[in-house]
There are 4 protein chains.
Amino acid sequence: MPSNYDKILKATIDLMNEKGYHGTSVKMIADKVNISKSTIFHHFKSKEGLLLALFEEVVPAATNEAMLIANDKNLTGAEKLKKWIRHHLNEVATEGDVLNVYLRESRFISDSNKAIYKESMRVYANLIVKIIKQIQKEDKQAFKDLDIKIVAHSILGMYNSAVIWFDKDGKISLDDLADMMYKIISGSFQKPKATRKKKTTK
Amino acid sequence: MPSNYDKILKATIDLMNEKGYHGTSVKMIADKVNISKSTIFHHFKSKEGLLLALFEEVVPAATNEAMLIANDKNLTGAEKLKKWIRHHLNEVATEGDVLNVYLRESRFISDSNKAIYKESMRVYANLIVKIIKQIQKEDKQAFKDLDIKIVAHSILGMYNSAVIWFDKDGKISLDDLADMMYKIISGSFQKPKATRKKKTTK
Amino acid sequence: MPSNYDKILKATIDLMNEKGYHGTSVKMIADKVNISKSTIFHHFKSKEGLLLALFEEVVPAATNEAMLIANDKNLTGAEKLKKWIRHHLNEVATEGDVLNVYLRESRFISDSNKAIYKESMRVYANLIVKIIKQIQKEDKQAFKDLDIKIVAHSILGMYNSAVIWFDKDGKISLDDLADMMYKIISGSFQKPKATRKKKTTK
Amino acid sequence: MPSNYDKILKATIDLMNEKGYHGTSVKMIADKVNISKSTIFHHFKSKEGLLLALFEEVVPAATNEAMLIANDKNLTGAEKLKKWIRHHLNEVATEGDVLNVYLRESRFISDSNKAIYKESMRVYANLIVKIIKQIQKEDKQAFKDLDIKIVAHSILGMYNSAVIWFDKDGKISLDDLADMMYKIISGSFQKPKATRKKKTTK
DNA sequence: AATGAATGAGGCTTCATTCAT
DNA sequence: AATGAATGAAGCCTCATTCAT
């Protein structure tokens, strides 16, 4: 049985995902968890503290698998990118996901706490930077002359936007979507077909 | 000298762009315009009425140039895309742009008014759809096997994300950014070599 | 018929006089005036704004008569002191008087507003300083070697303390009290008996 | 090392001295002592219990020396008064003194406990009454025709007010202040000069 | 066209206190 | 002896909105 602390965070994610930070009141959260408002303040310093807790505790957990992908020694950069896209879209599209809140509501963090958010964002963006670097190394033409950080952010931005318009119940599956998005950006480097032959070394 | 009506809308854009719909109060807007709260209700039926007015009046104006680009008979699809990117990034990166509010705060519109928003969104997204279709027509390989709407949304998402991380005072200019982003997605279709005539074929 | 603004201030005085600043809630004030809480915030910026308004508007009015006494050309210093004591005690002893609130609750003013309070206090204390100076001029022995500001504050402190222990319904009248207190401090200078003969000199 | 019980009382004094009874929360006290709120309720029945404990335990201790002065067989009344003033001012001026809390916050005690406060106040005021009586006995002119309780309260009020305006870092020392205040009220009876020669009679 | 007065509802947060451990 | 969890009540203040002028 989850603690109130955990239940509060879960409800926060659900509600802020749907209504945004300012659109979610502490009372709504309390009602959803079936506790009193004051209990929330017993566990968290303030409403903003809820966001911070999400960024510090829940987001890292959610980014863990992405890290495994980026560090997998057996994959080419292109394969990693493809795998990461699939994973990331899955995360983003999952109902109530923290990432949505993370990506959309972070701008409401007060200046004094913005550093915490930026740091966690940097860590995640770096994963993609790493993948892109590997792709560049394996294919000199890939993302040629492009600022690597901008590439990373652009890709992230593209995928994150899906949370807004992707229709889980529509006729296009999440896997199809991942494939399509991969194709959009993979035009600029050699298709993974070529690299598919699996790395004979090892 | 702009009317109060216009000043109110301008202030609404600025504030909602920064703080979101729920994070912006009628009082904030009134204070920014230096009028009384009541004056706002004199011009607009309600707070939501402000959003609607934006979507009905300001967004179309902002999308007007995009429409000119999309309909320009003298440009290839690739050229249009490039021109549109430049224009769109400029809009989005400009502080206080309506498009940001439009793209992010639309979800707070009440159900009864959602149709208005969806219609205007459809119109804008259609511009890109149109451009993409032209590109496909001119280059059969471009965006092959891809759902055209998803391509449009992905591209939009990518560009809109720039508003979050682009640093106006950084070392990369808006024009450079537009070029880079164009390159990222243009990999999948024939480069505008033809028009660029720069590339002496190496 | 007094405006809500005035009624709010009056109720504030009454309540804070009885329960202190922190012991008086905005709701109590609203209930006493029979208006809604929000109306109070329509007229005053904050709870502290109520205190400030008292200090800026009501206290000056209350100190007006004291000023007339201090400036009366026909009275000796000793006479002025006596008259002021009587007046001041009356003010302080009257239930719900601003001066009580002023003297006791001023310490809850935030630092940023303390200057306003200090200035008004300085003005009032100066009246007594002025009276004491006149007494010293008329009787070289009076308050000899004493710092004049300390004398003024001490005297004020003595009189203001009466608000705590004076029993309006006890056997000692306010006038008796005024006489006694006058005697306590008048020991150090020539008794007004001597001066009573109206100052034939000029 | 002081017990938590003692540390709580000390913190209570400090905080209520600065912010008053209603302005001091149990949490503030707990934070200052670095214990949990519950621990306070473990030692004291309620918040008001803290005040009562002060009045019953700390105040008597603080008034102990005053008692020694009042009962010293070797001093004249005037000498006692002077000595007491010096002592009292010292107590009052010391940061975080109980007496301030005692004198100012007693009015927030609930009716059912008011008797406890009044009794302790009576005891302390009686010390001065006693001193004044001795002065009157030694100098028939002193405080002639004055209600002795009112004299005592007035004197106390005068000295207690110092806590509000006395500036520890100003150019006037506490001893100077004691001297001046003594002079203000000693005008009405024979100056201690005369008595300084130790009173060989007896 | 513009605004000052007023408000009910609700916002976030703190309060003193109880209880189980 | 000490505390973490929990809470109902209350605290100050802001909200969007209406109305009379």
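Since the model is a prediction, treat every value here as computed from it, not as a measurement. (Residues numbered from 1 in each chain as written. Chains lettered and ligands numbered in written order. Predicted model: local features only at pLDDT ≥ 70, side-chain atom pairs only at ≥ 80, totals over all residues. Heavy atoms only, no water.)

### Let's talk about the overall build of chain A
Note the threshold: The helix and strand labels rest on DSSP assignments: H or I over at least four residues marks a helix, E over at least two residues marks a strand, and numbering proceeds from the N terminus. Classification of residues uses two cut-offs on accessible area relative to the type maximum, computed with a 1.4 Å probe and protein chains only: under 20% is buried, over 50% is exposed, and between them is partly exposed. Residue burial considers only the protein chains on display, and all accessible areas are found by Shrake-Rupley using a 1.4 Å probe.
Across its full length, chain A holds 10 helices and 0 strands. In chain A, the order of α-helices and β-strands from amino to carboxyl end is α-α-α-α-α-α-α-α-α-α. Counting all 202 residues of chain A, 53% fall into the buried class. Accessible area for chain A stands at about 10,200 Å²; split by element, carbon and sulfur atoms hold 53% of it.

### Quick word on the interface of chain C and chain D
Stated formally: Between two residues, a contact is recorded if the distance between any of their heavy atoms is within 4.5 Å. The term buried area denotes the loss of accessible surface (1.4 Å probe radius) that occurs when two parts are joined, taken as the sum for both partners. Salt bridges are counted wherever a side-chain nitrogen of Lys or Arg sits within 4 Å of a carboxyl oxygen of Asp or Glu.
Each partner contributes to the interface: chain C provides 32 residues, whereas chain D provides 32 residues. Interface area, chain C with chain D, both sides summed: about 2,600 Å², of which 70% is carbon and sulfur. The largest share of the area that chain C buries against chain D comes from R107, I150 and I184 of chain C, three residues that together contribute 23% of it. Where chain C packs against chain D, one counts 1 salt bridge.

### Comments concerning the arrangement of the chains
Note that chain A does not reach chain C: the shortest distance linking a C-alpha of one to a C-alpha of the other is 20 Å. What separates chain B from chain D at the closest point of their C-alpha atoms is a distance of 31 Å, and the two make no contact.

### Quick word on the protein's contact with DNA strand F
Quick note on the threshold: Note on terminology: near, applied to a residue and a molecule or strand, indicates that one of the residue's heavy atoms is within 4 Å of it. For this analysis, a polar contact is any N or O atom pair within 3.5 Å, provided that within protein one partner can donate a hydrogen and the other can accept it, and provided that sequence-adjacent residues contribute only side-chain to side-chain pairs. Amino acids are sorted into nonpolar (Ala, Val, Leu, Ile, Met, Phe, Trp, Tyr, Cys and Pro), charged (Asp, Glu, Lys and Arg) and polar (every other residue, Gly among them).
Near DNA strand F there are 31 residues, and of these T39 and H43 of chain A, K47 of chain C together with S38 and T39 of chain D occur at the shortest range. For DNA strand F, the backbone makes up 57% of the atoms found within 4 Å of the protein, where backbone means sugar plus phosphate. S38 of chain D is positioned with one of its side-chain polar atoms (N or O) 2.6 Å from a base oxygen of DNA strand F. For the surface near DNA strand F, the secondary structure elements donating two or more residues are α3 (37-43) of chain A, α3 (37-43) of chain B, α3 (37-43) of chain C together with α3 (37-43) of chain D. The residue inventory of the surface near DNA strand F, partitioned by class, reads 6 nonpolar, 19 polar and 6 charged.

### So, the relation of the copies chain A and chain B
Spelled out, the test is: For the least-squares superposition of copies, only C-alpha atoms count, and only for residues with pLDDT at least 70 in both.
Mapping chain A onto chain B calls for a screw motion: a turn of 179° about the axis and a shift of 0.1 Å along it, with 0.6 Å RMSD after fitting. Given the turn and translation reported, the copies of this chain are related as if by a two-fold rotation axis. Looking at chain A, 100% of its interface residues are interface residues in chain B too, so the copies touch through the same face.

### Things to note about the interface of chain A and chain B
Across the contact, 31 residues belong to chain A and 31 residues belong to chain B. Both sides together, the interface formed by chain A and chain B hides about 2,600 Å², and carbon and sulfur atoms give 70% of it. The largest share of the area that chain A buries against chain B comes from R107, I150 and I184 of chain A, three residues that together contribute 24% of it. For the interface between chain A and chain B, the tally reads 2 salt bridges. Inspection of the chain A/chain B interface yields 4 residue pairs in polar contact (both at pLDDT 80 or more). Those elements giving two or more residues to the side of chain A that touches chain B turn out to be α1 (4-19), α6 (98-105), α8 (148-165) and α9 (174-186) of chain A.

### Re the environment of H22 of chain B
Positionally, H22 of chain B belongs in the loop between α1 (4-19) and α2 (26-33). Along the backbone, H22 of chain B and F108 of chain B are 86 residues apart, and their C-alpha atoms lie at a distance of 8.3 Å. Each residue touching H22 of chain B, except ones within four places of it in the same chain, is listed here: K19, H22 and G23 of chain A together with K47 and F108 of chain B.

### A few points about the side chain of S154 of chain A
Mapped onto the elements of the fold, S154 of chain A is located in helix α8. On the basis of relative accessible area, S154 of chain A is assigned to the buried category, the value being 0%.

### Description of the protein's contact with DNA strand E
DNA strand E sits among 31 residues. The nearest are K47 of chain A, S38 and T39 of chain B together with T39 and H43 of chain C. Sugar and phosphate atoms represent 57% of those atoms of DNA strand E found within 4 Å of the protein. Contacts to DNA strand E include S36 of chain B, whose backbone N or O atom sits 3.4 Å from a phosphate oxygen. At 3.0 Å from a phosphate oxygen of DNA strand E is found a side-chain nitrogen or oxygen belonging to H43 of chain B. Mapped onto the surface near DNA strand E, the elements with two or more residues apiece are α3 of chain A, α3 of chain B, α3 of chain C together with α3 of chain D. Counted by class, the surface near DNA strand E contains 6 nonpolar, 19 polar and 6 charged residues.

### Overview of helix α2 (residues 26-33) of chain A
All names here are of chain A. Rules: The directions from the helix axis to the C-beta atoms form the arc being described.
Turning to α2, its buried residues number three or more, namely V26, I29, A30 and V33. Relative to the axis of α2, the buried residues are bounded by an arc of 100° and lie together on one face. Among the structural elements, α1, α3 and α4 (47-71) are those in contact with the buried residues of α2.

### Some points on the relation of the copies chain C and chain D
Overlaying chain C on chain D yields an RMSD of 0.3 Å, the required transformation being a rotation through 179° with an accompanying axial translation of 0.0 Å. The share of interface residues of chain C whose copies in chain D are also at the interface is 97%, consistent with both copies meeting through the same surface.

### Some remarks on the environment of F166 of chain C
Among the structural elements, F166 of chain C can be located in the loop between α9 (148-165) and α10 (174-186). C-alpha separation for the pair F166 of chain C and L177 of chain C, spaced 11 residues apart in sequence, amounts to 8.8 Å.

### Observations concerning the packing of aromatic side chains
Aromatic rings considered in pairs are described by the distance between their centres and by the relative angle of their planes. Applied cut-off: Pairing of aromatic side chains requires ring centres within 6.5 Å, counting the rings of Phe and Tyr and the six-membered ring of Trp. Pairs whose planes differ by under 30 degrees are stacked, by over 60 edge-to-face, and all others tilted. Here, a charge over a ring means that NZ of Lys or CZ of Arg falls within 6 Å of the ring centre while also lying within 35 degrees of the ring normal.
Across all of its chains, the model carries 20 aromatic pairs over all chains by this definition. Here the aromatic rings of F55 of chain C and Y102 of chain C are separated by 5.0 Å at their centres, their planes lie at 75°, and the arrangement is edge-to-face. Highlighted residues: F55 of chain C in helix α4 (residues 47-62) and Y102 of chain C in helix α7 (residues 98-105), separated in sequence by 47 residues. Here Y102 of chain C falls in the buried class, since its relative accessible area comes to 0%. Ring plane angle 20° and centroid distance 6.0 Å describe the contact between Y21 of chain D and F108 of chain D, whose orientation is recorded as stacked. Within this pair, whereas Y21 of chain D is found in the loop between α1 (4-19) and α2 (26-33), its partner F108 of chain D is found in the loop between α6 (98-105) and α7 (111-138), the two being separated by 87 residues in sequence. Like F108 of chain D, Y21 of chain D is buried. Just above the ring of Y21 of chain A sits the side chain of K47 of chain A; from NZ or CZ to the centre is 4.5 Å.

### Quick notes on the packing of α1 of chain D against α2 of chain D
Residues and elements named next belong to chain D. Which entries qualify depends on this criterion: Fitted lines through C-alpha atoms serve as axes, helices being fitted only where they are in contact, and the angles separating the N-to-C directions of these axes extend from 0 to 180 degrees. The cut-offs work like this: below 35 degrees is roughly parallel, past 145 is roughly antiparallel, 65 to 115 is roughly perpendicular, and the gaps in between are oblique. Left-handed describes a crossing in which the near helix is turned anticlockwise from the far one by less than a right angle; the clockwise case is right-handed.
Closest axis-to-axis distance for the α1/α2 pair is 9 Å, and the angle between their directions is 125°. Here α2 runs oblique to α1, going by the angle between their axes. When the axes of α1 and α2 are compared, the crossing they make is right-handed. Contacts between α1 and α2 involve N4, K7, I8, A11, T12, D14, L15 and K19 from the first element and M28, I29, K32 and V33 from the second. Classifying every residue of the contact of α1 with α2 gives 6 nonpolar, 2 polar and 4 charged.

### What about the nonpolar core?
Here is the rule: For our purposes a nonpolar core is just a set of buried Ala, Val, Leu, Ile, Met, Phe, Trp, Tyr and Cys residues, chained together by side-chain atoms within 4.5 Å.
If you look at the biggest cluster of nonpolar residues, it comprises 143 residues, and the most contacted ones within it are W84 and L177 of chain C together with W84 of chain D. Counting residues per element, this core draws most heavily on helix α4 (residues 47-71) of chain D, at 12 residues. Beyond its immediate chain neighbours, meaning those up to four positions away, L177 of chain C contacts L89, A162, W165, F166 and I172 of chain C together with I150 of chain D.

### A short note on the pattern of salt bridges
Opposite charge on two side chains permits pairing when their charged atoms draw close. All names here are of chain C. Tallied over the full model, the rule gives 33 salt bridges over all chains. Note that K82 and D179 form a salt bridge whose closest N and O atoms lie 3.6 Å from each other. Taken together, the positions of K82 in helix α6 (residues 77-93) and D179 in helix α10 put the pair 97 residues apart, joining distant regions of the chain. Given the relative accessible area of 22%, K82 is considered partly exposed. Since its relative accessible area comes to 26%, D179 is described here as partly exposed.

### Overview of the confidence of the model for chain A
All names here are of chain A. For clarity, the threshold we go by: Confidence of the predictor at the level of single residues is given by pLDDT, which spans 0 to 100.
Overall, the predicted model of chain A reaches an average pLDDT of 83, with 90% of residues at or above 70. When mean pLDDT is compared element by element in chain A, α2 scores highest at 98, while helix α10 (residues 192-195) scores lowest at 42. With pLDDT under 50 throughout, residues 190-202 is counted as low confidence; its partners more than four residues away or in other chains account for 9 contacts.

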